[in-house]
Amino acid sequence: MKKLEINSLSEMEDFGYRLGCLLKGGEVITLNGDLGAGKTSLTKAIARGLGIEEHITSPTFTIVNEYEGRLKLYHFDVYRLESPEEMYDLGYEEYFYSDGVSVVEWAEIVYSVLPEEKLEIYIYRGDGDEERQLKFVPVGSRYEKLVEELIR
Ligand SMILES: Nc1ncnc2c1ncn2[C@@H]1O[C@H](COP(=O)(O)OP(=O)(O)OP(=O)(O)O)[C@@H](O)[C@H]1O
Ligand SMILES: [Mg+2]
């Protein structure tokens, strides 16, 4: 398990941008953290690293939004799902097992349908307004390498 201390929104944005730049396609990144922790902010920065210029909005009501950049981004926010079974109606496998990048906010709600291999990121608030701690749980060798590259 690896951790990273973030002191400001702009540090979070720099981190997300670097993460987005390192992605090669086919990755699944899960984001967990309380309301307002910064999941959507981090996703926006990842999108920039993927070369996506389009404005990213939270897909709370649509569950998944799709963007085109250097790679496709599938941005999930599953907060409003009642159960993981609703992911079947969305055809989640088409996204998770594609050449694009899937980012899933509130991933713990749909944990049972997530691929085994993924990068789990947990966001915790610190004392200051903009302080956050990121905790990384990479599952699978490609994600272990990714985290090594990210926070070396
Ligand atoms: N270091 C930081 N990282 C991320 N966001 C920060 C940071 N510091 C301050 N913020 C602010 O915290 C808020 C985070 O909101 P955001 O929508 O990204 O959270 P969220 O986790 O997606 O919330 P929700 O659970 O509602 O989807 C934003 O207003 C952002 O500007
Ligand atoms: Mg959000």
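The residue numbering used here restarts from 1 in each chain and proceeds along that chain's sequence as written. Written order determines the labels here, with chains lettered from A and ligands numbered from 1. Per-residue local features are limited, in this predicted model, to residues with pLDDT of at least 70; the limit for side-chain atom pairs, both in listing and counting, is 80 or more; totals at the level of whole chains, interfaces and linings are taken over all residues. With hydrogens and water stripped out, all remaining heavy atoms of the structure feed into the side-chain values.

1. A word on the coordination of the magnesium ion (ligand 2)
Coordination here is defined by N, O and S atoms within 2.8 Å of the metal (3.2 Å for Na, K and Ca), and since water is not considered, a site can look incomplete. For the magnesium ion (ligand 2), the full set of protein donor atoms is Thr 40 (OG1) and Glu 105 (OE), and the range of their distances to it is 2.0 to 2.2 Å. Residue Thr 40 is found in helix α2 (residues 39-49), and its partner Glu 105 is found in strand β5 (residues 101-105); the two are separated by 65 residues along the sequence. The pair formed by Thr 40 and Glu 105 is uniform in burial state, with each residue classed as buried. Numbering of helices and strands runs from the N terminus; a helix is a DSSP stretch of H or I covering at least four residues, while a strand is a stretch of E covering at least two. Relative accessibility decides the category of a residue: with a 1.4 Å probe and only protein chains considered, values under 20% of the type maximum give buried, values over 50% give exposed, and everything between is partly exposed.

2. Topic: the pairing of strand β7 (residues 132-139)
At least two bridges found by DSSP between two strands is the condition for calling them paired. Across five bridges, strand β1 (residues 2-6) lies against β7 in antiparallel orientation. When the sheet's bridge partners are listed, Lys 3 is paired in β7 with Lys 135. Here eight bridges tie strand β6 (residues 118-125) to β7, and the two strands are oriented antiparallel to one another. Residue pairing in the sheet places Leu 119 in a bridge with Pro 138 of β7.

3. Overview of the packing of helix α1 (residues 9-22) against α2
Running from N to C, α1 and α2 point in directions that differ by 45 degrees, and their axes come no closer than 6 Å. In terms of axis orientation, α1 runs oblique to α2. Judged by the sense of rotation from one axis to the other, the crossing of α1 with α2 is right-handed. In contact with Leu 9, Met 12, Glu 13, Phe 15, Gly 16, Tyr 17, Leu 19, Gly 20 and Cys 21 of α1, α2 contributes Ser 41, Leu 42, Ala 45, Ile 46, Arg 48 and Gly 49. Residues are grouped as follows: nonpolar covers Ala, Val, Leu, Ile, Met, Phe, Trp, Tyr, Cys and Pro; charged covers Asp, Glu, Lys and Arg; every other residue, Gly included, is treated as polar. Of the residues contributing to the contact of α1 with α2, the split by class is nine nonpolar, four polar and two charged. Fitted lines through C-alpha atoms serve as axes, helices being fitted only where they are in contact, and the angles separating the N-to-C directions of these axes extend from 0 to 180 degrees. Here is the rule for angles: anything less than 35 degrees is roughly parallel, anything more than 145 is roughly antiparallel, 65 through 115 is roughly perpendicular, and the remaining ranges are oblique. Left-handed describes a crossing in which the near helix is turned anticlockwise from the far one by less than a right angle; the clockwise case is right-handed. The contact criterion used throughout is that any non-hydrogen atoms of two residues lie within 4.5 Å.

4. Digging into the pattern of salt bridges
By convention in these notes, a salt bridge is any Lys or Arg side-chain nitrogen within 4 Å of a carboxyl oxygen on Asp or Glu. Scanning the entire structure with this criterion turns up four salt bridges. For Lys 118, the salt bridge goes to Glu 120, with nearest N and O atoms at 3.8 Å. For Lys 118, a relative accessible area of 4% translates into the label buried. Overall, the relative accessible area of 5% leaves Glu 120 in the buried class.

5. Focus on the site of ligand 1
What surrounds ligand 1 is a group of 16 residues, the closest being Gly 36, Lys 39, Thr 40, Ser 41 and Glu 130. Residues adjacent in sequence count toward polar contacts only when both atoms are side-chain atoms; beyond that, a polar contact is any pair of N or O atoms within 3.5 Å, and within protein one must be able to donate a hydrogen and the other to accept it. Ala 37 is positioned with one of its backbone polar atoms (N or O) 3.3 Å from an oxygen atom of ligand 1. Residue Arg 132 places a side-chain N or O atom 3.4 Å away from an oxygen atom belonging to ligand 1. Using the Shrake-Rupley algorithm and a 1.4 Å probe, accessible areas are obtained, with residue cover drawn only from the displayed protein chains. With the chains in place, 73% of the 640 Å² that ligand 1 exposes on its own is no longer accessible. Secondary structure elements with two or more residues in the shell around ligand 1: α1 and α2. The cutoff for a nearby residue is simple: one of its non-hydrogen atoms must lie within 4 Å of the molecule or strand.

Nothing here speaks to function; it is all geometry.
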